[in-house]
Amino acid sequence: MNTISHHLTDETIQDYSAGVLNAPMETLIACHLTLCPICRQRAELADAIGGLSLGDGATVSMNVTAQDVIALDKANPVTGDVPQTPVASGAGVPNPLARLLPSPLHELPWKTFGPGMKQYNLGTLPRKEGAFKLISLDPGSRMSKHTHEHRELTFIVSGSYSDELGKFKAGDIADLSADHHHTPHVDSDIPCISLIATDAPVKFEGLFGKIVQPFVGI
Ligand SMILES: [Zn+2]
């Protein structure tokens, strides 16, 4: 069984539950939820909290904190069956992503944007509203150091990479906000394919990053 070590933040779970995220981010989160019973349970708790607030007719609290969720978790452990981890379809591609793809990963019309780097665009929004794409990086590839204006979600489909925050492998999610600067490098012996959703353009640092950004389009 896949071991997942990087999860959604509490803030993202709450925003997902509140339905305020864009469709690409919802799809990406759904990919992680199909593989991660922990985040699935957290999302159910966030839904339950939202539902209770609305059902009571009381003021809807917009300030549910991580501590609230943890406290509720301890006080009311979920006793229902946690859904079994579904079998991912195709070559390890979770269904929420697989159904958007016209072909298996290796047959997609990838576009090269740098040595050992290629992408497949899934997004339809103008670039300033964010990106939604698959990125494939060959073993040993290193992304230019960059940060994000709002939120960037990355779901690892295959392979792995490491950055200042740790090692990320298939099934993991990197949930980054504006204060994260990172320099990912691929440390698997197969290409690292990840699904990326942003709600604002990525800010690259350094000359190489600024040159490739118009081509990467994230
Ligand atoms: Zn998770």
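Residues numbered from 1 in each chain as written. Predicted model: local features only at pLDDT ≥ 70, side-chain atom pairs only at ≥ 80, totals over all residues.

### As for the overall build of the protein chain
Secondary structure summary: the protein chain contains six helices and eleven strands in total. A buried classification covers 31% of the 218 residues belonging to the protein chain. Taking contacts inside the protein chain between residues at least 6 apart in sequence as the whole, the part at least 24 apart equals 71%. (Helix = DSSP H or I, 4+ residues; strand = E, 2+ residues; numbered from the N terminus. Buried ≥ 20, exposed ≤ 12 C-beta atoms within 10 Å, placed from the backbone. Contact = placed C-beta atoms within 7 Å.)

### Regarding the sheet that holds strand 3 (residues 132-137)
Here six strands make up an open sheet; going across it, the order is 1-2-3-10-5-8 and the pairing antiparallel. Looking at the sheet topology across the chains shown, the edges are occupied by strand 1 (111-114) and strand 8 (173-177). If you compare each strand with its neighbour and ignore which way they point, the axes differ by 25 degrees on average. The strands touched by helix 2 (residues 23-35) within the sheet are strand 3, strand 5 (151-158), strand 8 and strand 10 (192-198), with strand 5 carrying the most contacts at an inclination of about 40 degrees. (Pairing = 2+ DSSP bridges. Axes fitted to C-alpha atoms, helices over the stretch in contact; angles between N-to-C directions.)

### Side note on helix 1 (residues 10-18)
Among all positions in helix 1, only Thr-12, Ile-13, Gln-14, Tyr-16 and Ser-17 are buried. After helix 1 finishes, the residue Gly-19 shows a positive phi value of roughly 75 degrees.

### Points about the environment of Gly-92
Within the fold, Gly-92 resides in the loop between helix 4 (66-75) and helix 5 (95-98). Look at Gly-92 and you get partly exposed, because 16 C-beta atoms sit within 10 Å. Gly-92 sits 13 residues away from Leu-105 along the chain, and the two C-alpha atoms are 9.7 Å apart. In this structure, Gly-92 is in contact with Val-157, Ser-158 and Ala-170, ignoring residues within four places of it in sequence.

### Quick notes on the nonpolar core
Leu-28, Ile-29, Leu-153, Phe-155, Val-157 and Leu-195 are the most contacted members of the largest nonpolar core, which totals 38 residues. Examining the composition of this core, we find that six residues originate from one element, helix 2, more than from any other. Per-domain counts for this core show at least three residues from each of domain 1 (10-75) and domain 2 (95-216). Sequence-distant contacts of Phe-155, that is, excluding residues within four places in its chain, are made with Leu-28, Cys-31, His-32, Ile-173, Ser-194 and Leu-195. (Core = buried A, V, L, I, M, F, W, Y, C linked by C-beta atoms within 7 Å. Domains from an automatic or database assignment.)

### A few points about the confidence of the model for the protein chain
Predicted confidence across the protein chain gives a mean pLDDT of 78, with 67% of residues reaching 70 or more. A low-confidence stretch, residues 56-62 (pLDDT under 50), is modelled with four contacts involving residues beyond four sequence positions or located in other chains. The low-confidence segment residues 75-91, where pLDDT is below 50, has 17 contacts with residues more than four positions distant or belonging to other chains. (pLDDT = per-residue confidence, 0-100.)

### Some points on the pairing of strand 1
In this sheet, strand 2 (residues 117-121) lies alongside strand 1 in antiparallel orientation, the contact comprising three bridges. Within strand 2, the residue paired with Thr-112 across the bridge is Lys-118. Adjacent in sequence and paired antiparallel, strand 1 and strand 2 are bridged by two residues, among which Gly-116 carries a positive phi angle near 70 degrees.

### Describing the sheet that holds strand 6 (residues 160-163)
With antiparallel pairing, three strands are arranged side by side in an open sheet as 7-6-9. Only two strands of the sheet have a single neighbouring strand rather than two, namely strand 7 (166-169) and strand 9 (185-186). Pairing between strand 6 and strand 7: four bridges, direction antiparallel. When the sheet's bridge partners are listed, Asp-163 is paired in strand 7 with Gly-166.

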